[in-house]
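Each chain, letter by letter, is given below.
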Amino acid sequence: MNSVRVLGAGLGVVVLWASAFPAIQVAAPELGPVGLSIVRLAVAAVALLAVAPFITVRVPAARDLLLIAGCAFFGMTAYQLLLNTGELYVPAGTASIIVAAAPLVSVAIAAFAFKEKLSAIRVAGSIVAIGGVLLVCIARAGLSVSAAVWIVVAAMVAQGAYHPLSRLLLRTYTALEVATYGMIAGTILTLPFLSAGWQQITAASPSAWAAAVYLGVLPSAAGFVLWGYAVARLPVVTSTSLLYLVPAVAVLISFVWLGEIPLPSELIGGAIIIIGVIGISQGDRLLGKFLPIREPAL
């Protein structure tokens, strides 16, 4: 029964994070990219602070504040501002497929900045995933890729940069603590843009506000709480594999909620991306399982 509950939490995260892409399309046109970012981050920060005493969130050490700010800038502020802007013009399902390629950037940063070994299968997976991203990017605009698609690609890069940086914090803090710090710092870093979005914030309709609050409470706050619960109890392979479902579920929710119909080339590109990402994240493990590496006799 407990395993069912844990798997249910993981699948719940998939649905919540997938639903964020169409919810952005509902809220962003009225609240604007800046307004939506501020409202979503602020709501998530307040929600996480409200439950902080119950989920054992410690005060971070002063020496880690700069790293927390870096994680918040890439994973919260830059990612949301870019994604909100891109989704004004790019379908939600398409955006979710592009963002699924974030591990490409994470692997590159880990290899060049942190000197992690880049195996042949990871390189091959990266090349495959890049091919999938390019196919999705040109699916609607042809070879002249629109500026909006590049903005979503930039959001993917920002999200990819967040993961290796957050890994440094996860050596000391829990996933829930890192999420809480990120939401709070992300809100603070986004506040300087408030004047640019204030007019849209005050003029937005109740439906836009409802979508923004939904994004803050459920995909952002509850999503991270559930993810922390699931990751602590699931094998790494299982929890990672669940994330491969996000773009597929996002495409489905976007179809039901917004009536978006993905192009066949986008679906093919998404499948190629997922295959590449599986190669990046699981390839070495699978290769070692079926072709165990033996040390040469000395």
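Residue numbering note: each chain is counted from 1, following its sequence as written. Local features in this predicted model are restricted to residues whose pLDDT is 70 or higher, and side-chain atom pairs enter the listing and the counts only when it is 80 or higher, whereas totals over whole chains, interfaces and linings include all residues. Calculation of side-chain values draws on the structure's entire complement of heavy atoms; hydrogens and water are dropped beforehand.

So the rule is basically this: UniProt positions are given in the numbering used here, feature names are shortened, and annotations may be inferred rather than shown by experiment.
In the annotation of an unreviewed UniProt entry, the protein is listed under the name Drug/metabolite transporter (DMT)-like permease and assigned to Subtercola frigoramans. The Sequence similarities (unreviewed entry) field of the UniProt record for the protein holds the comment "Belongs to the EamA transporter family."

1. Describing the nonpolar core
Condition: For this analysis, a nonpolar core means a set of buried residues of the types Ala, Val, Leu, Ile, Met, Phe, Trp, Tyr and Cys, connected via side-chain atoms within 4.5 Å. Classification of residues uses two cut-offs on accessible area relative to the type maximum, computed with a 1.4 Å probe and protein chains only: under 20% is buried, over 50% is exposed, and between them is partly exposed.
Within the largest apolar cluster, 57 residues are counted, with the highest numbers of intra-cluster contacts made by Phe21, Leu31, Leu36, Leu83, Ile98 and Ile273. The next biggest cluster of nonpolar side chains, apart from the first, holds 17 residues, and it includes Ile68, Tyr162, Leu165 and Ala185.

2. Digging into the packing of helix 1 (residues 2–51) against helix 2 (residues 65–86)
Defined as follows: Interaxial angles span 0 to 180 degrees and are taken between N-to-C directions of axes, which are lines fitted to C-alpha atoms, for helices over the stretch in contact. Only DSSP runs of H or I reaching four residues or more are called helices, and only runs of E reaching two or more are called strands; each is numbered from the N terminus. In these notes the angle categories are as follows: under 35 degrees is roughly parallel, over 145 is roughly antiparallel, 65 to 115 is roughly perpendicular, and the rest is oblique. Take the far helix as your reference; a near helix turned counterclockwise from it by less than a right angle gives a left-handed crossing, and one turned clockwise gives a right-handed crossing. A contact between two residues is defined here by any heavy atoms of the two lying within 4.5 Å. Any residue outside Ala, Val, Leu, Ile, Met, Phe, Trp, Tyr, Cys, Pro, Asp, Glu, Lys and Arg is labelled polar, Gly included; the first ten of those are nonpolar and the last four are charged.
The geometry of helix 1 relative to helix 2 is characterised by a closest axis approach of 8 Å and an angle of 140° between their N-to-C directions. One way to sum up the angle between helix 1 and helix 2 is to call them oblique. Crossing hand, helix 1 versus helix 2: left-handed. Across the interface between the two elements, Phe21, Ile24, Ala28, Pro33, Val34, Leu36, Ser37, Arg40 and Leu41 from helix 1 touch Met76, Tyr79, Gln80, Leu81, Leu83, Asn84 and Thr85 from helix 2. Along the lines of polarity and charge, the residues of the contact of helix 1 with helix 2 split into 11 nonpolar, four polar and one charged.

3. Concerning unusual backbone geometry
Of note, Thr56 is a non-glycine position whose phi angle comes to about 55°, a positive value. Summarising the element assignment, Thr56 is placed in the loop between helix 1 and helix 2. The exposure class assigned to Thr56 is exposed, which follows from its relative accessible area of 59%.

4. Focus on the packing of aromatic side chains
To describe a pair of aromatic rings, you give the distance between the ring centres and the angle between the ring planes. The cut-off we apply is this: Planes of paired rings set the category: under 30 degrees apart is stacked, over 60 is edge-to-face and the rest tilted, where pairs are Phe, Tyr or Trp rings (Trp by its six-membered ring) whose centres lie within 6.5 Å.
Tallying each qualifying case throughout the model produces four aromatic pairs. Seen from their ring centres, Trp17 and Trp227 are 5.6 Å apart, and the 50° between their planes marks the pair as tilted. With Trp17 in helix 1 and Trp227 in helix 9 (residues 206–231), this residue pair connects regions lying 210 residues apart in the sequence. One aromatic cluster is present, built from ring pairs that chain together Trp17, Phe224 and Trp227.

5. As for the pattern of salt bridges
The line we're drawing: The salt bridge definition used is simple: a Lys or Arg side-chain nitrogen within 4 Å of an Asp or Glu carboxyl oxygen.
Counted according to the given criterion, the structure contains one salt bridge. One salt bridge connects Glu177 with Arg58, and the closest N-O pair in it is separated by 2.7 Å. Highlighted residues: Glu177 in helix 7 (residues 175–190) and Arg58 in the loop between helix 1 and helix 2, separated in sequence by 119 residues. Assessed through its relative accessible area of 1%, Glu177 is described here as buried. Residue classification places Arg58 among the partly exposed residues on the basis of a relative accessible area of 42%.

6. Points about the packing of helix 4 (residues 102–112) against helix 6 (residues 147–169)
Two packed helices can be described by the angle between their axes and the distance between those axes. Interhelical geometry of helix 4 versus helix 6 gives an angle of 50° and a closest axis separation of 7 Å. Between helix 4 and helix 6, the crossing angle belongs to the class labelled oblique. Regarding helix 4 and helix 6, the two cross each other, and that crossing is right-handed. Contact residues: helix 4 offers Ala102, Val105, Ser106 and Ile109, while helix 6 offers Met156, Val157, Gln159, Gly160, Ala161, His163 and Pro164. Across the contact of helix 4 with helix 6, the residue classes tally to seven nonpolar, four polar and no charged.

7. Section: helix 2
Rule in force here: Here, expected helix span is obtained from the residue count minus one, scaled by 1.5 Å. What is called the bend at a residue is the angle between a pair of axes, fitted to the seven residues leading up to and ending at it and to the seven starting from it.
For helix 2, spanning 22 residues, the distance from its first C-alpha to its last is 30 Å, which sits close to the expected 32 Å at 1.5 Å a residue. The sharpest bend along helix 2 measures roughly 40° and falls at Phe73.

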